[in-house]
Amino acid sequence: MRSSLLDLTPLRDSAAFRRLWLGGTASAFAAQLAVIAVLFHVWEETGSPLATGLVGLVSAVAMTAGSLLGGTAADVHDRTRVLRWTTLGQLLAALGLTVQALPGLAPGGHSGVALVLGLVAGNAFCAGSGRPPGAACRPGSWRPPSCRRGSRCCTWGRRRRCCWARPWVGS
């Protein structure tokens, strides 16, 4: 029975892994909040179900294109470098969405929606581009005895977040 339960030993034993796991969980939560906020913003600006649905379409197309190109980039270039650039692209897109949402700083109406769609597409493209090299990286912030357990725990807690963080923490 105990072998079928999730082993949380790496979370107890490794402060670095605990920070990495908590950061990935917080990042995933924030990403879901951003999706809701973008959909709400587009709905408030246009009142159109078509424009609101366009957010999902733009995101899906950009993520698919990014995944295809990200896989190629990961094969040709250094994976950690690809991960850093795609993460930076996601950060810039998130900052752009934040600035765009501030009152009086960005255009409203349909031109504001076009800007939001462009930023959503950029974010989704970078997220898709970072997935293939992120899946190829191994989590490395914990020591060998708990590596297998940490990998399982990381899978449960969004493994890809733990993997893309490896190049940043230098382990």
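Given the structure is predicted, the values throughout are model-derived calculations rather than measurements.

Each value, and the rule that gives it
Residues numbered from 1 in each chain as written. Predicted model: local features only at pLDDT ≥ 70, side-chain atom pairs only at ≥ 80, totals over all residues. Heavy atoms only, no water. Helix = DSSP H or I, 4+ residues; strand = E, 2+ residues; numbered from the N terminus. Buried < 20%, exposed > 50% of the residue type's maximum accessible area, 1.4 Å probe, protein only. Contact = heavy atoms within 4.5 Å. Areas by Shrake-Rupley, 256 points an atom, 1.4 Å probe, with all protein chains shown as cover. Core = buried A, V, L, I, M, F, W, Y, C linked by side-chain atoms within 4.5 Å. pLDDT = per-residue confidence, 0-100. Expected span 1.5 Å × (residues − 1). Polar contact = N/O pair within 3.5 Å; in protein donor to acceptor, adjacent residues only side chain to side chain. Axes fitted to C-alpha atoms, helices over the stretch in contact; angles between N-to-C directions. Parallel < 35°, antiparallel > 145°, perpendicular 65-115°, else oblique. Left-handed = near helix turned anticlockwise from the far one by under 90°. Nonpolar A, V, L, I, M, F, W, Y, C, P; charged D, E, K, R; others polar. Patch = residues over 30% accessible without salt bridge, like charges linked within 9 Å, V, L, I, M, F, W, Y side chains within 5 Å. Salt bridge = Lys/Arg side-chain N within 4 Å of Asp/Glu carboxyl O.

Colleague: I'd love a proper account of the overall build of the protein, names of residues and values included.
Modeller: In terms of helices and strands, the protein carries seven helices and zero strands. The N-to-C order of helical and strand elements in the protein reads α-α-α-α-α-α-α. Expressed as a percentage of its 171 residues, the buried residues of the protein come to 32%. Sequence separation of at least 24 residues holds for 76% of the intrachain contacts in the protein that already meet a minimum separation of 6. As displayed, the protein offers around 10,300 Å² of accessible surface, 66% of which is attributable to carbon and sulfur atoms.

Colleague: Which residues make up the nonpolar core, and what values do they have?
Modeller: Listed in full, the 10 residues of the largest apolar core are Val38, Val42, Ala51, Val55, Leu97, Val113, Val116, Leu117, Leu119 and Val120. Breaking this core down by element, the ones donating at least two residues are helix 2 (15–46), helix 3 (49–76) and helix 5 (109–136). The biggest single contributor to this core is helix 5, with five residues. If we skip the residues at most four places from it in the chain, valine 55 touches Val38, Leu39, Val42, Leu117 and Val120.

Colleague: With reference to specific residues and values, describe the confidence of the model for the protein.
Modeller: Any segment with low pLDDT has predicted coordinates that should not be analysed in fine detail. On average, the protein scores 77 in pLDDT, and the residues at 70 or more come to 73%. Note on residues 141–147: pLDDT under 50 across the span, and 12 contacts to partners over four residues away in sequence or across chains. Low pLDDT (under 50) marks residues 155–171, which in the prediction has 33 contacts with non-local residues, meaning those over four places away or in another chain.

Colleague: Please give an account of helix 4 (residues 79–101) that cites residues and values.
Modeller: An α-helical turn contains 3.6 residues, so a residue and the one three or four places further along point in the same direction. With 23 residues, helix 4 extends 33 Å between its outermost C-alpha atoms, agreeing within 8% with the 33 Å of an ideal straight helix rising 1.5 Å per residue. Of all the positions in helix 4, only Val82, Leu83, Thr86, Thr87, Gly89, Ala93, Leu97 and Gln100 are classed as buried.

Colleague: Run through helix 3, naming residues and quoting values.
Modeller: Under the 1.5 Å per step criterion, the end-to-end length of helix 3 is 41 Å for 28 residues, consistent within 8% with the ideal 40 Å. Those residues of helix 3 that fall on the buried side of the exposure criterion are Ala51, Thr52, Val55, Ala62, Gly66, Gly70, Gly71 and Ala74. A distance of 3.2 Å separates the backbone nitrogen of leucine 50 from a side-chain oxygen at the start of helix 3, and that oxygen is part of serine 48.

Colleague: Could you give me a rundown of the packing of helix 2 against helix 3, with the residues and numbers involved?
Modeller: Put simply, helix 2 and helix 3 touch, their axes get as near as 8 Å, and they point 155° apart. One way to sum up the angle between helix 2 and helix 3 is to call them roughly antiparallel. Helix 2 and helix 3 meet at a crossing whose hand is right-handed. Residues Val38, Leu39, Val42, Trp43 and Thr46 of helix 2 form the contact with helix 3, whose participating residues are Pro49, Ala51, Thr52 and Val55. Each residue belonging to the contact of helix 2 with helix 3 can be placed in one class, and the counts come to seven nonpolar, two polar and no charged.

Colleague: How would you explain the side chain of threonine 52 if you had to name every residue and give the values?
Modeller: Within the secondary structure, threonine 52 sits in helix 3. In contact with threonine 52, not counting residues within four places along its chain, are Leu39, Val42 and Trp43.

Colleague: I'd like to hear about a nonpolar patch on the surface, residue by residue, with values.
Modeller: A surface patch of nonpolar side chains, amounting to about 540 Å² of accessible area, comprises Trp85, Leu88, Leu91, Leu92 and Leu95. On the secondary structure map, leucine 92 appears in helix 4. You can call leucine 92 exposed: its relative accessible area is 52%.

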